[in-house]
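Results of the structural survey
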Amino acid sequence: MPIKTYRQAINEAMAQEMRQDSTVIVIGEDVAGGAGCDGERDAYGGVMGVTKGLFPEFGESRVIDTPITESAIMGAAAGAAQTGLRPIAELMFMDFLGVCFDQIYNQAAKFRYMFGGKAQCPMVVRTMAGAGLRGGAQHSQNLTQMVTMVPGLKVVCPTNAFDAKGLLITAIRDNDCVIFVEDKFLYETSCEVPDEMYTIPFGEANFLREGTDVTIVGISNTVNKALAVADRLAAEGISCDVIDPRTTSPLDEESIIESVEVTGRLVIVDEMTPRCGLAADISSIVAEKAFGSLRAPIMKVTAAHSPIPFAPALEDAWMPQESDIEAAVRAVLGYTR
Amino acid sequence: MSLDKKQFLQAYRTMRTIRDFEYRVSDEFGKGNIPGFLHLYAGQEAIATGMCMNLSDEDYIVSTHRGHGHCIAKGGDVGDMMKEIMAKQGGSCAGKGGSMHIAAVEKGMLGANAIVGGGPPLIVGAALSAKTLATGSVGVSFTGDGGSNQGTTFEAMNLAVVLQVPAIFMFENNGYGEGTAAGYAVGSKDIASRAAAFGMPALKVDGADIFETYETCKKAVDHCRSGKGPIAIEASITRFRGHFEGDAQQYRGKGEVKRLMKDLDCLKIASDIAIEKKLATKAELKKIDKEVAAYIDEAATAALAAPSPDVSELLTDVYSSAY
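Calculation notes
Residues numbered from 1 in each chain as written. Chains lettered and ligands numbered in written order. Predicted model: local features only at pLDDT ≥ 70, side-chain atom pairs only at ≥ 80, totals over all residues. Helix = DSSP H or I, 4+ residues; strand = E, 2+ residues; numbered from the N terminus. Rg over C-alpha atoms; globule rule 2.2 N^0.38 Å. Buried ≥ 20, exposed ≤ 12 C-beta atoms within 10 Å, placed from the backbone. Contact = placed C-beta atoms within 7 Å. Right-handed = clockwise from strand over helix to strand, strands pointing away. Pairing = 2+ DSSP bridges. Nonpolar A, V, L, I, M, F, W, Y, C, P; charged D, E, K, R; others polar. Axes fitted to C-alpha atoms, helices over the stretch in contact; angles between N-to-C directions. Parallel < 35°, antiparallel > 145°, perpendicular 65-115°, else oblique. Domains from an automatic or database assignment. Expected span 1.5 Å × (residues − 1). Left-handed = near helix turned anticlockwise from the far one by under 90°.

Next up on the list: the overall build of chain B. Each helix and strand counted, chain B has 12 helices and 8 strands in total. By the compact-globule yardstick of 20 Å for 323 residues, chain B fits well, its C-alpha radius of gyration being 19 Å. Judged by the C-alpha coordinates and their principal axes, chain B covers about 60 × 50 × 40 Å. Counting across all 323 residues of chain B, residues that qualify as buried make up 58%. Of the contacts formed within chain B by residues at least 6 apart in sequence, a portion of 75% connects residues at least 24 apart.

Right, let's get into the overall build of chain A. Helices and strands together make up the secondary structure of chain A, namely 12 helices and 14 strands. Taking 337 residues into account, the globule formula puts the C-alpha radius of gyration at 20 Å, and chain A, at 20 Å, falls close to it. For chain A, the spread of C-alpha atoms along the principal axes amounts to about 65 × 45 × 40 Å. Going through the 337 residues of chain A one by one, you find that 57% of them count as buried.

Let us look at the pairing of strand 6 (residues 153-156) of chain A. Residues and elements named next belong to chain A. Here strand 6 shows a buried face lined by Leu 153 and Val 155 and a second buried face lined by Lys 154 and Val 156. Once the chain exits strand 6 it traverses helix 7 (residues 161-173) before rejoining the sheet at strand 7 (residues 177-183), and the crossover so formed is right-handed. Pairing of strand 6 with strand 12 (residues 247-249) involves 2 bridges; the strand directions are antiparallel. Directly across from Val 155, in strand 12, lies its bridge partner Ser 249.

Once that is clear, we can look at the interface of chain B and chain A. Contacts between the two partners involve 38 residues from chain B, matched on the other side by 37 residues from chain A. The set of elements that each furnish at least two residues to the side of chain B that touches chain A consists of strand 2 (109-112), helix 5 (119-132) and helix 6 (151-163) of chain B. Broken down by element, the side of chain B that touches chain A gets its largest block of residues, 9 residues, from helix 5 of chain B. Classifying every residue of the side of chain B that touches chain A gives 21 nonpolar, 13 polar and 4 charged.

Here we take up the packing of helix 3 (residues 70-81) of chain A against helix 4 (residues 101-108) of chain A. Residue and element names in this part refer to chain A. Two elements in contact, helix 3 and helix 4, have axes whose closest approach is 7 Å; the angle formed by their N-to-C orientations is 25°. Classified by the angle their axes make, helix 3 and helix 4 are roughly parallel. Where helix 3 abuts helix 4, its residues Ser 71, Met 74, Gly 75 and Ala 78 lie against Gln 103, Ile 104, Gln 107 and Ala 108. Of the residues in the contact of helix 3 with helix 4, the class split is 4 nonpolar, 4 polar and no charged.

Residues and elements named next belong to chain A. For chain A, the assigned domains are domain 1 (3-192) and domain 2 (206-334). Taking only C-alpha atoms, the centre of domain 1 and the centre of domain 2 are 27 Å apart. Counting residues at the interface gives 26 residues for domain 1, matched by 24 residues for domain 2. The biggest single contributor to the side of domain 1 that touches domain 2 is strand 6, with 4 residues. Its residues placed into classes, the side of domain 1 that touches domain 2 shows 12 nonpolar, 10 polar and 4 charged.

What follows covers the environment of Lys 5 of chain B. Residue and element names in this part refer to chain B. Tracing the sequence through the fold places Lys 5 in helix 1 (residues 5-30). Distance in space between the C-alpha atoms of Lys 5 and Lys 96 is 40 Å, their sequence separation being 91 residues. Residues contacting Lys 5, with those up to four places away along its chain left out, are Leu 279 and Ala 280.

All right, on to helix 5 of chain B then. Helical periodicity: at 3.6 residues per turn, an α-helix aligns residues three or four positions apart in one direction. Residue and element names in this part refer to chain B. Its 14 residues place the ends of helix 5 20 Å apart at the C-alpha level, agreeing with the 20 Å of an ideal helix rising 1.5 Å per residue. Within helix 5, 14 of the 14 residues are buried, which leaves the element mostly enclosed by the surrounding structure. Once helix 5 finishes, Ala 134 follows within two positions and takes phi at roughly 50°, a positive value.

Here we come to the packing of helix 4 (residues 78-85) of chain B against helix 12 (residues 282-305) of chain B. All names here are of chain B. Packing of helix 4 against helix 12 leaves a shortest axis separation of 8 Å and a crossing angle of 45°. By the angle class used here, helix 4 and helix 12 are oblique. Regarding helix 4 and helix 12, the two cross each other, and that crossing is right-handed. Contacts from Val 78, Gly 79, Met 82 and Lys 83 in helix 4 reach Tyr 295, Ala 299, Ala 300, Ala 302 and Ala 303 in helix 12. In the contact of helix 4 with helix 12, the residues fall into 7 nonpolar, 1 polar and 1 charged.

Written out as structure tokens, the structure reads:
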């Protein structure tokens, strides 16, 4: 099977869907790049090159470069989705949610319900999140929790190239507004990705490693960190279940609960701030539904409650690290009443 | 003369339907039969009517929190609307929208929007669909003078010009954004010229005159249909009621509302012109008035008698499929 990067997998999912469905369009800032310039078109293909090559193949009517105008991009995508297109709108950095959130959570997310089931909004918002690239406080955040809390939205956080392709195809074919959160640390990572099209259903967690001592749930790239920790601890005879929910809305609560029923211990890792985040949310679900199975308090490994700092020393301290995950696993294992 | 006899009578009937609908829901609100907030379109009827007469079901509109008139003019079912506003079964939005989210999606009325300035970006998208799919449809966003100041509206106008989509930005300047005068809040004092600065033609019209409004809207729709990109209209008009029902309107001048209702009543202006130009007789208009009154009464009576939505519907239609 061919090896592809996360970036290539996402690009391939869009290209294949666009070939078979002429209503799929891509719209955003520099999704091609070079509009109105003297140099080359498709100069960027998105700031991270994820949409590169779509413009030459599908042309300017389906790969639409916009001004820097996030509210209008999201609103136009939502209006287009209500009227026959299936837009893939790019929100360059997830931090920019702040300048367009109304069009997503008050408009796109609510059409179907607010209009009594008579409207639909089949759009995908592709966005890039994740700290560690020294992007500072406004180019680094993962705001998955903010979109996960909105009824009407679905939220996808692929953690490897294989999942990214299958989940994006599912997202494009879905009739609701889907927020597709790409972790910018993963674009260069690769794995086997089939050339043919395939879908991965929403709401089905992926068991990356099966174990009996501790359940570790990770969101976005933290799941890969959890996996590395679990691999190391296995050498000491500590056996971890590592679960990647793959979608935070819908969330596969059942798989997490089943795992906790076996291990009795839960560590949740996410790269979001600690209050009202995914770790807090999953923690409350397990406390409510699997309290009797718990043999230790649930441990959350999250970022710090502060804006994301710039200096590498500070940012590294802000982010959840493998050492933090390992410490949490050891803490739940060592817990005695 | 822009409207012929048949068109005029249709326009008059639509305007009368909106007026009677609004006064009836105002009465029912006063009697406690309508929960929530109501923002009435009374006084502005000629604008929705003049625009929507130039549109078909394949054209799209988005509206504001003051959206009943747009919905009726676009062909929304008055009975279903009455039920929706009274929070009854069989309502246009199954009881999940209400007055501020009234919609007739099947008629191209994509929804009233209670976020001021929420609609213009959406209509750019609807117009983008029309352009990309080459359907020949146009999109119209109805926005007030209040919404004209929102950043979303500026972004939408710019993007519409950049993408050259068939979008019409209809600004209904009724003089007030809630309790603040447009003369204070619109920095440029002139919504049309501000729209023109984005790079599209912008027209101005007396929104109380159905003949002029129809003609101006026709120009705008023709402009869009012929592929010339977006266009804006500023229609001056007045609001007969407060921002919301129950608004004491202390911000309005002494006798102002009374004077405006006398001088700028689009129904009276329409009747006077039509009778003078022999487009209609007093008897014909009276007959329409009577028919509309019965129609609205029937809708209201049916809505009053209808049951509340079933609580089992609470979680339906959040998503397109099982969640």
